[in-house]
Amino acid sequence: MLASGFPLLHDYRMSASAAAREEPVRPTALPISLIDSKGTAVTGKRNAGFARPSDDVLLDLYRRMVVARRFDVQVSALTRQGRLATYPSALGQEACEISAVASLQVQDWIFPTYRDTIAVLSRGVSPAETLALFRGDWHLGFDPGRYRIAPQATPLATQALHAVGLATAAKLKGDDTVALTFLGDGSTSEGDAHEAFNFAAVWQAPVVFLVQNNQYAISVPVAKQTHARTFADKAIGYGMPGYFVDGNDAAAMFAVISSSVERARAGGGPTLIEGLTYRVEAHTNSDDPTRYRNKSEEAKWRALDPLLRLEKYLTAAGILTPAIASDISDEAEALATATREAMSETPAVDPLELFDHVYVNERPALLEQRAFLERELAATEAGSRS
Amino acid sequence: MTILENRATTKVVVPAPAQVTMAGALTAALRDSMADDPRVVVFGEDVGPLGGVFRVTDGLSKEFGESRIWDSPLAESGIVGTAIGMAMYGLRPVVEMQFDAFSYPAFEQITSHLAKMHNRSRGLVTLPIVIRIPYAGGIGGVEHHSDSSEAYWTHTPGLTVVTPSNPADAYSMLREAIASDDPVIFLEPKSRYWSKDAIELPVTTPPMTKGLVLREGTDVTLLAYGPTVKTALQAADLATAEGLSIEVIDLRSLSPFDDETVGESVRKTSRAAIIHEASQFGGYGAEVAARVTERQFFHLAAPILRITGFDIPFPSPKLEEYHLPTAERVLAALDTWEW
Ligand SMILES: Cc1ncc(C[n+]2csc(CCOP(=O)(O)OP(=O)(O)O)c2C)c(N)n1
Ligand SMILES: [Mg+2]
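The structure reproduced in this document is the subject of the present report.

1. Re helix α2 (residues 94–102) of chain A
Inference 1: Burial within α2(A) is extensive, with eight of its nine residues counted as buried.
Inference 2: For α2(A), the complete set of buried residues consists of A:Glu94, A:Ala95, A:Cys96, A:Glu97, A:Ile98, A:Ser99, A:Ala100 and A:Val101.

2. Some words on the site of ligand 1
Inference 1: Around ligand 1, the structure places 16 residues, and the nearest of them are A:Tyr114, A:Thr154, A:Gly186, A:Ser187 and A:Tyr216.
Inference 2: At ligand 1, the nearby residues belong to more than one chain, namely chains A and B.
Inference 3: Take A:Tyr216: an N or O atom from its main chain is 2.8 Å from an oxygen atom of ligand 1.
Inference 4: In isolation ligand 1 has 580 Å² of accessible area, and contact with the protein removes 75% of it.
Inference 5: Each residue belonging to the shell around ligand 1 can be placed in one class, and the counts come to six nonpolar, six polar and four charged.

3. Some thoughts on the sheet that holds strand β7 (residues 271–276) of chain A
Residue and element names in this part refer to chain A.
Inference 1: Reading across from one edge, β1-β2-β3-β7-β6 is the order of the five strands in this open sheet, with parallel pairing throughout. Strands at the two margins of the open sheet, each flanked by one partner only, are β1 (109–111) and β6 (242–246). Along the sheet, successive strands turn relative to each other by an average axial angle of 20 degrees, direction set aside.
Inference 2: Strands β1, β2 (179–184) and β3 (207–213) of the sheet are contacted by helix α6 (residues 158–173), whose axis makes an angle of about 170 degrees with β2.

4. Observations concerning the coordination of the magnesium ion (ligand 2)
All names here are of chain A.
Inference 1: Binding of the magnesium ion (ligand 2) to the protein goes through Asp185 (OD), Asn214 (OD1) and Tyr216 (O), at separations of 2.0 to 2.3 Å.
Inference 2: Within one chain, the residues serving as donors to the magnesium ion (ligand 2) are arranged as D-x28-N-x1-Y. Here Asn214 lies in the loop between β3 and β4 (216–217) and Asp185 lies in the loop between β2 and α7 (191–203), a separation of 29 residues in the sequence. Side by side, Asp185 and Asn214 carry an identical accessibility label, which is buried.

5. With respect to the sheet that holds strand β4 (residues 92–96) of chain B
All names here are of chain B.
Inference 1: Strand order in the open sheet formed by seven strands is β3-β2-β4-β5-β7-β6-β12, with mixed pairing between adjacent strands. Looking at strand neighbours, the two that pair on one side only are β3 (69–71) and β12 (253–255), the edges of this open sheet. Adjacent strand axes in the sheet meet at a mean angle of 20 degrees, parallel and antiparallel pairs treated alike.
Inference 2: Alignment of β4 against strand β5 (residues 130–135), held across three bridges, turns out to be parallel. Pairing of Glu96 across the sheet is with Arg132, part of β5.
Inference 3: Each of β2 (40–44), β3, β4, β5 and β7 (184–189) touches helix α2 (residues 22–36); the most contacted strand, β2, lies at about 130 degrees to it.
Inference 4: Against the sheet, helix α8 (residues 167–179) makes contact with β2, β4, β5, β6 (160–162) and β7, and its axis sits at roughly 160 degrees relative to β7, the strand it touches most.

About the criteria used
- Residues numbered from 1 in each chain as written.
- Chains lettered and ligands numbered in written order.
- Predicted model: local features only at pLDDT ≥ 70, side-chain atom pairs only at ≥ 80, totals over all residues.
- Heavy atoms only, no water.
- Buried < 20%, exposed > 50% of the residue type's maximum accessible area, 1.4 Å probe, protein only.
- Helix = DSSP H or I, 4+ residues; strand = E, 2+ residues; numbered from the N terminus.
- Near = heavy atom within 4 Å.
- Polar contact = N/O pair within 3.5 Å; in protein donor to acceptor, adjacent residues only side chain to side chain.
- Areas by Shrake-Rupley, 256 points an atom, 1.4 Å probe, with all protein chains shown as cover.
- Nonpolar A, V, L, I, M, F, W, Y, C, P; charged D, E, K, R; others polar.
- Pairing = 2+ DSSP bridges.
- Axes fitted to C-alpha atoms, helices over the stretch in contact; angles between N-to-C directions.
- Contact = heavy atoms within 4.5 Å.
- Donors = N, O, S within 2.8 Å, 3.2 Å for Na, K, Ca; no water.

Next up, the structure:
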């Protein structure tokens, strides 16, 4: 039921408190960083006031990132072998993907894109359910309501509006649900991204926009998408806080995302976060990055790897012991094995199901087409038997 | 009936049951749906205190407050996109596109998400959303205010597309659309907003997916919907004088198409024609003509005719009368048949 008399609008322009309204913080020019690429804790201004997450949190992030990386590598391999139709890899983006999922509570929702399969996996969806889309069994393999994960969106930026709508519905009902939506750098140029930022700010929706700036939209570099200093800067125009974060620093990503999630939950409205990262692999298996970027750029970013630095930090701090590292590696291998097994099974697809979910209400015309296909299948089967 | 009269607190002027406009009937349907189901929320451009540019949401903002009906930012994709998210969380949004042609910014959200979500989620996610779209011409609207875009929506699997032609249907069909678990494109013929009928509300007319024989006849089946139903009835009147008996069917639902009602009539009359304002090429009438021909070919004495707008962008106000199908044009078309 809806909360009665709930003020949907944050009507600061007309309210007496307009002048007293807090200005959103301007994003920093350099990315917020808590653990640098050498694995050293960052002190001073680059923290932007964010504290390093606890060792427990960092170890959990590390474990999930290692598992996600292994899964990603495995799925790319299976795709090259022809087991999947396509796979957009998130290799190198694990700090963004996993920190986002780890920052959320069970009641919160995520709105992933095709890029964010490891986030879906890390929230508990099985490899077979996660990969149904890319293997081509069906457009979606998991129950969104059960995991509170929207179907992975392909039409760019469209899912951001769904996140704003869902978060607003939760707010209207008086629930403490937060929605986090992933976006790519290229997707920020879409009209729906603008509309989502604006609706969220006007409605003060409990939403976190996470722009993973992996620096390319297929082949097109960031400079051809925006003239803004950072994507985070765009937040200011909408009247919401923006944070420019080192997207390969899981500590910083977790600190910023989780504080934004909790601020949203407490009624503080939306946040736009940019994680500066790099798409290490091709856009998908059918892309050829040699046509638009060079090896030295790729090498530079491989050195900034999000797993490496966390591993160095945790090892030096004595948190990641050889025994724990070996446990994590076992877990990753077990998942890789399970993924291979799941993808070697022939998917159970039923052509007659094509007609079953188009509408809730029965349609005579579709039943006719279903019957037609059924007859055709029966005839083909009879033909192949004789 | 009493439901409307009981709401003494509102200042909505719904004419006494004797005379209800289509706009008033739509307002009443929205109000009754909102009163019956707290999950129903209404938002869009100017639907709040103003009551919408056609006043269809008149008084609802005052009656239900801002948690149930509100003015959204001005962005159609945003309106439909956020409605989808709300429906995923259990609300039943009814959103308004201010005019037909201004629904186009929402095209991607409607065709790629709204229409497909139930299918892609194998039935796990339902999107009970109604998109109300004032459509078609005849009101002297300037550019972009008179489009008939029904074929865009009927071509999209996953959508239900309906359009009432009179106040009673407007009330009953909108209530049914809001109660439906499938997304519904609800096309409101603007030229009929101020048409009146003596009806009592609430009223329940036959299911919105059924076509209705409005007038029986023996020689021709004339199919119409929304704004052209009136034209069809006028044509039937004129034809009587010429000794021609026209059966008029109000399709009401464009998707699904009521094959049964139309087929039964065509088998009786053996001739059929369809009228719509939208341009002809690739238009809704093409589907109807093909479909009815495929199913009733051996009952047909003549090819199915389409009396439609020309294949031109909708004209300016001073020229729209030349574009819109008239009763005379219908009769002239029927004359081209060999009898
Ligand atoms: C509306 C729309 N236009 C074009 C495409 C085709 N397309 C798929 S991915 C992509 C690039 C997106 O880049 P970005 O937003 O940076 O995300 P990334 O792939 O880097 O994660 C394009 C152009 C699409 N999916 N949707
Ligand atoms: Mg990108």
